[in-house]
Amino acid sequence: MSDELEETAEALDTGRRTVLVEGSLKEIKAAGRKKGKNLQVADEPCWVLMSTTGKIARTATAGELSATGRRAANDALIAQIPSSTRGSLGALTNKGRVHKIDIINLPSLPDQARPVLSGGVKITDFIELERGEQVITLIDPTAEVVLGTRLGVVKRVAAGEIPNNRDVWDIIALKGKDTVVGAGQLPNLDVGAAVFITQAGNLLNFTLDGVRAQGPGAGGVAGIRLPKDIEVISFSVVDPAVENRVVTIAKGVNFNGEETESVKVSLLSDFPAKGRATAGMRSHRFLKDETELLSLIHISEPTRPLYIS
């Protein structure tokens, strides 16, 4: 009976009209203002999640998250960070700034294998962004991080160089109109690889063991060689020992003026690693009338519950 109920729920899933959470930022602040209120919360392991719509929340436990099944509309995940309830994380923006967020202030989602981020809150409720500034991912401020920019720069920042004692700080010195397009972390970055994808469809995959760590005030080094007027639209950090998949989407306009799109799914292992600051190789052959790749591109392990919509 339990199996039949689960199958029925999957087939008829329309999402909850009311989302139950264990607390909210408003409730936590209100409790903290009460005289004599001891707001001590146990430092328990959890996941911190952020959706494509900019909502953020923490899970009740650090249990395994499901990578299968349908998700609610506009509830795709773009970041998931293992942490603890009394820890902190960084919200990395396209302007190369990191905003500190205390995890205890985040609403806690019900304990379930597939959390629904509609029970979260907007990340802008916790941080103040400048005009044109957007959060692109979450990072662990205590670990090394690698960034990639729109103009093809790569930068590796050592854990000890990240100032966790400030509410906001610059993590890279961007030049001109350059912006950060992606970032990633691994337990051991020396065995990891960086992957750039350009709007022209070129993919460059190179190892990170040769990229020297720099301080927050540095501007990084050349990551991929770009032709004139071509920009990077995707940057990822991956573990080459895992089977990673590359999803690319091309767009165009046909002779009737209608927009066209094509999607390609490839294995990252199909693209041999090359040297840093080279041009890489073609990852997506454009069909008739297609001219460039969309920015909705992601490289991920197929077993991780990380989705792009």
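Above this note sits the structure.
Here goes a summary of the coordinates provided. (Residues numbered from 1 in each chain as written. Predicted model: local features only at pLDDT ≥ 70, side-chain atom pairs only at ≥ 80, totals over all residues. Heavy atoms only, no water.)

Structural notes on the pattern of salt bridges
Logical step 1: A full pass over the atoms with the stated rule returns seven salt bridges.
Logical step 2: For R150, the salt bridge goes to E231, with nearest N and O atoms at 2.7 Å. Of this pair, R150 sits in the loop between strand 8 (145-149) and strand 9 (153-157) while E231 sits in the loop between strand 15 (221-222) and strand 16 (232-238), and the two are 81 residues apart along the sequence.
Logical step 3: The partly exposed category is assigned to E231, whose relative accessible area is 27%.
Logical step 4: One salt bridge in this structure joins K251 and E292, with 3.8 Å as the shortest N-O distance. Residue K251 is located in strand 17 (residues 245-253), and its partner E292 is located in strand 20 (residues 290-293); the two are separated by 41 residues in the primary sequence.
Logical step 5: Of the residues examined, K251 reaches a relative accessible area of 33% and is grouped as partly exposed.
Logical step 6: What you see here is one network of salt bridges that share partners, running through K95, R97, E130 and E133. (Salt bridge = Lys/Arg side-chain N within 4 Å of Asp/Glu carboxyl O. Helix = DSSP H or I, 4+ residues; strand = E, 2+ residues; numbered from the N terminus. Buried < 20%, exposed > 50% of the residue type's maximum accessible area, 1.4 Å probe, protein only.)

Observations concerning the packing of aromatic side chains
Two descriptors summarise a pair of aromatic rings, namely the distance from one centre to the other and the angle between the planes of the rings.
Logical step 1: The final tally for this structure, using the stated rule, is two aromatic pairs.
Logical step 2: Their ring planes at 55° and their centres at 4.8 Å tell us that F196 and F235 sit as a pair that is tilted. Of this pair, F196 sits in strand 12 (residues 193-198) while F235 sits in strand 16; the two residues are 39 residues apart in sequence, bridging distant segments of the chain. The same class applies to F196 and to F235, which are both buried.
Logical step 3: Members of the aromatic cluster, connected to one another through ring pairs, are F196, F206 and F235.
Logical step 4: Between R282 and the ring centre of F286, over which it is positioned, the NZ or CZ distance is 5.6 Å. (Phe/Tyr/Trp six-rings, centres within 6.5 Å; stacked < 30°, edge-to-face > 60°. Lys NZ or Arg CZ within 6 Å of the ring centre and 35° of its normal.)

Some thoughts on the sheet that holds strand 2 (residues 55-58)
Logical step 1: The strand order 3-1-2-6 describes an open sheet built from four strands, whose pairing is antiparallel. With one partner strand each, in any of the chains shown, strand 3 (77-84) and strand 6 (121-122) form the two edges of the open sheet. (Pairing = 2+ DSSP bridges.)

Some details on the pairing of strand 9
Logical step 1: The element strand 9 is largely enclosed, with a buried count of five among its five residues.
Logical step 2: Of the two faces of strand 9, the one carrying V153, K155 and V157 and the one carrying V154 and R156 are both buried.
Logical step 3: Relative to strand 9, strand 8 is paired through four bridges, and the arrangement is antiparallel. Opposite L147, over in strand 9, you have K155 as the bridge partner.
Logical step 4: Between strand 8 and strand 9, which pair antiparallel one after the other, the connecting turn spans three residues, and G152 there sits at a positive phi close to 90°.
Logical step 5: The pairing of strand 9 with strand 15 spans two bridges and is classified as antiparallel. What sits directly across from V154, in strand 15, is V221.
Logical step 6: Alignment of strand 9 against strand 14 (residues 213-214), held across two bridges, turns out to be parallel. Residue R156 lies in a different strand from strand 14, and its bridge partner there is A213.

Side note on the side chain of K155
Logical step 1: Within the secondary structure, K155 sits in strand 9.
Logical step 2: Not counting residues within four places of it along the chain, the set of residues in contact with K155 comprises V145, V146, L147, I171, I172, Q214, G215, P216, G217, A218 and G220. (Contact = heavy atoms within 4.5 Å.)

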